[in-house]
Amino acid sequence: MDAGGCPAPATASADVGVVVTPFAPRPGEPIRVLVSSFDDERELALRVESASGPLDGLQVVARRGAPSTLIATIDAAVAGEHRVVVGREGTGLACASFTVGDARASSRAPRGAVWPIEREWSAAEEALYSAWIREMFRAPSGRELSYARLDQVTSDPDRNLLHGALGLGEDEPGVLGLRPDCADLPYFLRAYWSWKRRLPFAFHICSRGGPEIAPRCLGSRSSLEARHSSARARELPRVETFLRQTIAWGVHSGNGRTAVSDSHGDFYPVALDRRGLRPGTIYADPYGHILVLVELIEPRGDEPGELFAIDGQPDGTITRKRFWEGTFLWDPTPSRGGTGFKRFRPVVYRDGEVEVLGNDALARAPGHGDLWTEHEALDSEAFHERVLAVITPGPREPLRAQRRAALALHEALRTRAEFVERGAAVSRLRAQTIAMPRGFRVFETTGPWETFATPGRDMRLLIAIDLVQRFAARVRRNPEAYGVARGRVDAVVSELEGQLEGQLEDPALSFRYTRSDGSAWTLTLGEALARAPALEVGYNPNDCPELRWGAPEGSEEASTCTFRAPESQRARMEKYRGWFRERRPPARGD
């Protein structure tokens, strides 16, 4: 495609972002050019020029969608001045210059700051940030993607387009130890990009909310404040301390659940459209879990589209998950806080201070007028139907949709098996019982219980089981969403019920878990669904895996069970069973 000519500064598009890495390239080094924009989803074109003319041998990868992106690679940089020209269909949109030489980029942070501030957040910068996240966690739809730590991804030059951009060796394995949980993860990603790109960064100190009260935020902290005795350290130790202490100790899931209309927070709610569901947008569920969107895959032939997100676990594991009702839970009840898709508020740097834009300023900011506050008008089914219509426009084929739901449930069961085994491994070795919190803190605590218990995961799993079992009834209620004519509803529902019966016994949808003695036991999807009542009290890591998976008393499956939770904990679990039976976690204070 033709990139056109370099536009005059007055006519250049403010929506097109260009970044060249490393920031101070040397002759002979490989160079990457990232170009991204939200102005149009059509494919962009680029050209890299030197004094002697356009460079040959560019390797260019195009990503269409929101944002439209190009990633160009130059195997060996040539000394001198260069220019990147970006356009579409022969019309130049933007230009950026860079120098290949022997000098290394150098900049010093203001006294007491974590890193220097050299540029501002803009529509173009947001597009670059979104494209970077998509590339970090991109994978074919059928492939599982999981990492033990975030720094495993940032240290991978094939995924991290900012790998080594500062020339400090900052992304070599072991330099930055990044293990965020779900609440930390969006902040780690945003702060990492802000650090590399020398952008302002800030976050609020928020409450967790209370009975009938959404979380509220008061003061804030920013990248201008190097805390925890790191102000005099070199840049890398300052940044690591800022991430692992200032941010990790300062944010929690309440930061993502501030009320939809609340201007004093880190995120603002966005519309349910393609631009709103872009990489980097977070999803705050009503029960304290946070996910980060990473990719929207277009429909392919008869296959529906897919929306993927990542989340962090208490042990630092990062996993990719597809959008479906069993993972993206919805409850717009205001007392639970602001549920839904949200994006970071822009942070501006003025007169030596940073400011997080509130709703009024946001509406006036170029490229950020996408605040949407109508979430509370949608019930769960309407919300999920709206999102699915963005992912796959038009009617969805019901049998294929039910198959997808069963596959997603199977994935959730397999993931739970991994976490149950982690808890069992610790319980086998511990001399002491893991303490069990009381009341609502079963879902909200720190320490070994948070790391190895699964109350939140099991609540989501129970909701997912309900969704699969009731899918045919959903089609009956809303046949138009699935392209089913009213006269064919009964026939289609009958087909769905027959398909589900086959799925429940399908060997391809069975899974294995590890028993107390290390042997494997296989469960079908049907057996897992039948054990839903046992899963209402299956979250305690002090119980053996057999018990946590509902093995019948006296059965061969249960014969290998070697440890159980104390009776006092079992009694409390029975007391709390109602939360799981009703599929509604307690409010804070219960």
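Before going into details, it helps to say that this report is about the structure given with it. (Residues numbered from 1 in each chain as written. Predicted model: local features only at pLDDT ≥ 70, side-chain atom pairs only at ≥ 80, totals over all residues. Heavy atoms only, no water.)

Glancing now at the pairing of strand β7 (residues 80-88). Where strand β3 (residues 45-50) meets β7, 6 bridges bridge the pair, whose relative direction is antiparallel. Its bridge partner being in β7, arginine 47 is matched across the sheet by valine 85. Pairing between β7 and strand β8 (residues 91-100): 9 bridges, direction antiparallel. Across the sheet, valine 84 pairs through a bridge with alanine 96, a residue of β8. Where β7 folds back on β8, the antiparallel hairpin that results is connected by 2 residues, among which glutamate 89 adopts a positive phi of roughly 55°. (Pairing = 2+ DSSP bridges. Helix = DSSP H or I, 4+ residues; strand = E, 2+ residues; numbered from the N terminus.)

The omega torsion of the bond from threonine 21 to proline 22 falls at -5°, within 30 degrees of zero and hence cis. Summarising the element assignment, proline 22 is placed in the loop between β1 (16-21) and β2 (31-37). A cis amide bond links alanine 66 with the next residue in sequence, proline 67, at an omega value of 5°. You can see proline 67 is positioned in the loop between β5 (59-63) and β6 (68-74). The phi dihedral of arginine 198 falls on the positive side, at around 60°, and the residue is not glycine. By secondary structure assignment, the location of arginine 198 is in the loop between α3 (185-197) and β10 (202-206). For arginine 198, a relative accessible area of 6% corresponds to the buried category. A positive phi angle is found at arginine 583, which is not glycine, with a value near 60°. Relative to the assigned elements, arginine 583 resides in the segment after α15 (567-581). (Buried < 20%, exposed > 50% of the residue type's maximum accessible area, 1.4 Å probe, protein only.)

Between helix α1 (residues 123-136) and α3, the least distance of the axes is 11 Å, while the angle of their chain directions is 120°. Between α1 and α3, the angle is such that the two are oblique. Handedness of the crossing formed by α1 with α3: right-handed. Packed against α1, whose contacting residues are Glu125, Glu126, Leu128, Tyr129, Trp132, Ile133 and Met136, the element α3 presents Pro186, Leu189, Arg190, Tyr192, Trp193 and Arg197 at the interface. Split into classes, the residues belonging to the contact of α1 with α3 amount to 9 nonpolar, no polar and 4 charged. (Axes fitted to C-alpha atoms, helices over the stretch in contact; angles between N-to-C directions. Parallel < 35°, antiparallel > 145°, perpendicular 65-115°, else oblique. Left-handed = near helix turned anticlockwise from the far one by under 90°. Contact = heavy atoms within 4.5 Å. Nonpolar A, V, L, I, M, F, W, Y, C, P; charged D, E, K, R; others polar.)

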